[in-house]
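Chain by chain, the residues run as shown.
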Amino acid sequence: MPTLSEVARHAGVTPATVSNVLRNRGRVGATTRQRVLDAVAALGYRPHLAARALAEGRAPTLALMVSSIANPFYPEFALAVERAARTRGQFLIICNTNEDPLSGRAYLDQIAGTLSEGVLVTNANLDFADLHATEARGTPVVLCMWERPNEPPGLPCVAVDFRLAGELAGTHLLELGHRRIGAIVGSKASGIHAARYQGFVDALRAAGAPKGRVKHAPDTIQGGYTATRALLEADPKLTAIFATNDLPALGAMHAAADLGLNVPGDLSVVGITDIQLARESRPALTTVAVPTVEVAGLAVSLLRELIESSYGQAGRGAAKVPMLVSSAPQLVVRASTGAPRLR
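One structure accompanies this document, and this report is about it.

Basis of the calculations
Residues numbered from 1 in each chain as written. Predicted model: local features only at pLDDT ≥ 70, side-chain atom pairs only at ≥ 80, totals over all residues. Heavy atoms only, no water. Helix = DSSP H or I, 4+ residues; strand = E, 2+ residues; numbered from the N terminus. Buried < 20%, exposed > 50% of the residue type's maximum accessible area, 1.4 Å probe, protein only. Contact = heavy atoms within 4.5 Å. Lys, Arg positive; Asp, Glu negative; His and termini not counted. Charge placed at Lys NZ, Arg CZ, Asp CG, Glu CD. Phe/Tyr/Trp six-rings, centres within 6.5 Å; stacked < 30°, edge-to-face > 60°. Pairing = 2+ DSSP bridges. Axes fitted to C-alpha atoms, helices over the stretch in contact; angles between N-to-C directions.

### Regarding the overall build of the chain
Thought 1: Counting secondary structure elements, the chain contains 13 helices and 12 strands.
Thought 2: For the chain, the spread of C-alpha atoms along the three principal axes comes to 85 × 45 × 30 Å.
Thought 3: Classification of the 343 residues of the chain by burial places 48% in the buried group.
Thought 4: At a minimum sequence separation of 6, the contacts of the chain that also span at least 24 residues come to 72%.
Thought 5: Averaging the locations of the 34 positively and 29 negatively charged side chains of the chain gives two centres separated by 3 Å.

Printed below as a string of structure tokens:
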């Protein structure tokens, strides 16, 4: 593999000039720049990213921590983050913790500040103490999709009003005429989906509607399937299901089909997020869309600002912890919801 020095000799310039051309730094004349680029192409030179990171004390990559790459939301979000990072000349490392805090800590210890100069974190079940420790070592951390804008987490973040998302879903079902509504929450009662469920409950309370039955279940299609069967067994007269995420909502539709129920004729179903599967299911899923691409762009921009302002320093010091709030979630009405009918 050709080296940077060989490219310099081929182009008749110094290694520093080659480095400046490849990094788009310094003042290099157009003729010299083209001569360097021609030499790079002729020799097939490729920069050694790890060596560059060691030499410069900073990495050309960002890291994205996700809880489960098997969840379709995370690949979609990772794609949006990767595009935002590439527009800023950086690469993306995706770290799948598989919902294991120990795996997340290992990623932070081994990647943050070495292979990546900043870390983006989704719902990866990471201990905040580990994230603060990463900050203290000089590697900025940004939380993505923080679900409670009214409760800042003490770390830089991009927040989405998920309480509003739950309220929009509940209001939609109420406006269709539903009053017997079951809920599937894809986390524990105090877990990450608590704000979504609270918004749903707030909508019911404002309309004077009964709270209805609720099941806490894994945030999966199977979790939604099992929870829906349990809800309908406990109350066969339910006319609608609200799920705090799209995967359990899809599971609810699968359960309805296996029970011989028509969606939405016998059972309306609404979710939150608007993943691609929601659009491609049959019937297509009514859901509350969150601004995934916008959040990705905001998160990368915020992380870059932190890197450029505090890189090499031990944490934030006395700086105010930034929080950006995305645009509001939007209800997307599709074929899985309709007016209730008696059965």
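### Here's the deal with unusual backbone geometry
A negative phi holds for most residues other than glycine; trans holds for most peptide bonds.
Thought 1: Omega for the peptide link from Val263 to Pro264 comes to 15°, which places this bond in the cis form.
Thought 2: Position of Pro264 relative to the elements: it lies in the loop between helix 11 (246-258) and strand 9 (268-273).
Thought 3: Omega for the bond connecting Arg282 with Pro283 falls within 30 degrees of zero, at 0°, which places this linkage in the cis form.
Thought 4: One non-glycine residue, Asn98, adopts positive backbone phi at about 55°.
Thought 5: In this structure, Asn98 sits in the loop between strand 2 (91-96) and helix 6 (101-111).
Thought 6: A positive phi angle, close to 130°, is found at Thr273, a residue other than glycine.
Thought 7: Here Thr273 shows up in strand 9.

### So, the packing of aromatic side chains
One pair of aromatic rings is described through two measures. These are the centre distance and the angle between the planes.
Thought 1: Scanning the entire structure with this criterion turns up 5 aromatic pairs.
Thought 2: Ring centres of Phe73 and Tyr74 lie 5.3 Å apart, and the angle between their planes is 75°; on these two criteria the pair is classed as edge-to-face.
Thought 3: Residue classification places Phe73 among the buried residues on the basis of a relative accessible area of 13%.
Thought 4: Residue class for Tyr74 comes out buried when judged on its relative accessible area of 7%.
Thought 5: Through successive ring pairs, a cluster of aromatic residues spans Phe73, Tyr74 and Phe77.

### A word on the side chain of Thr244
Thought 1: Relative to the elements of secondary structure, Thr244 occurs in the loop between strand 8 (240-243) and helix 11.
Thought 2: Ignoring any residue separated from it by four or fewer positions in sequence, one finds Thr244 in contact with Ile184, Val185, Gly186, His193, Arg196, Tyr197 and Ile272.

### Section: the sheet that holds strand 12 (residues 330-332)
In sheet architecture, strand pairing relies on hydrogen bonds along the backbone and comes in two forms, parallel and antiparallel.
Thought 1: Strand order across the open sheet formed by 6 strands is 7-6-8-9-10-12, with mixed pairing between neighbours. On the outer flanks of this sheet lie strand 7 (214-216) and strand 12, each paired with one strand and no other. On average, each strand axis in the sheet is tilted by 20° relative to the strand beside it, whichever way the strands run.
Thought 2: The sheet strands contacting helix 9 (residues 194-207) are strand 6 (181-185), strand 7, strand 8 and strand 9, and the helix crosses strand 6 at an angle near 165°.

By themselves, these figures tell us nothing about what the structure is for.
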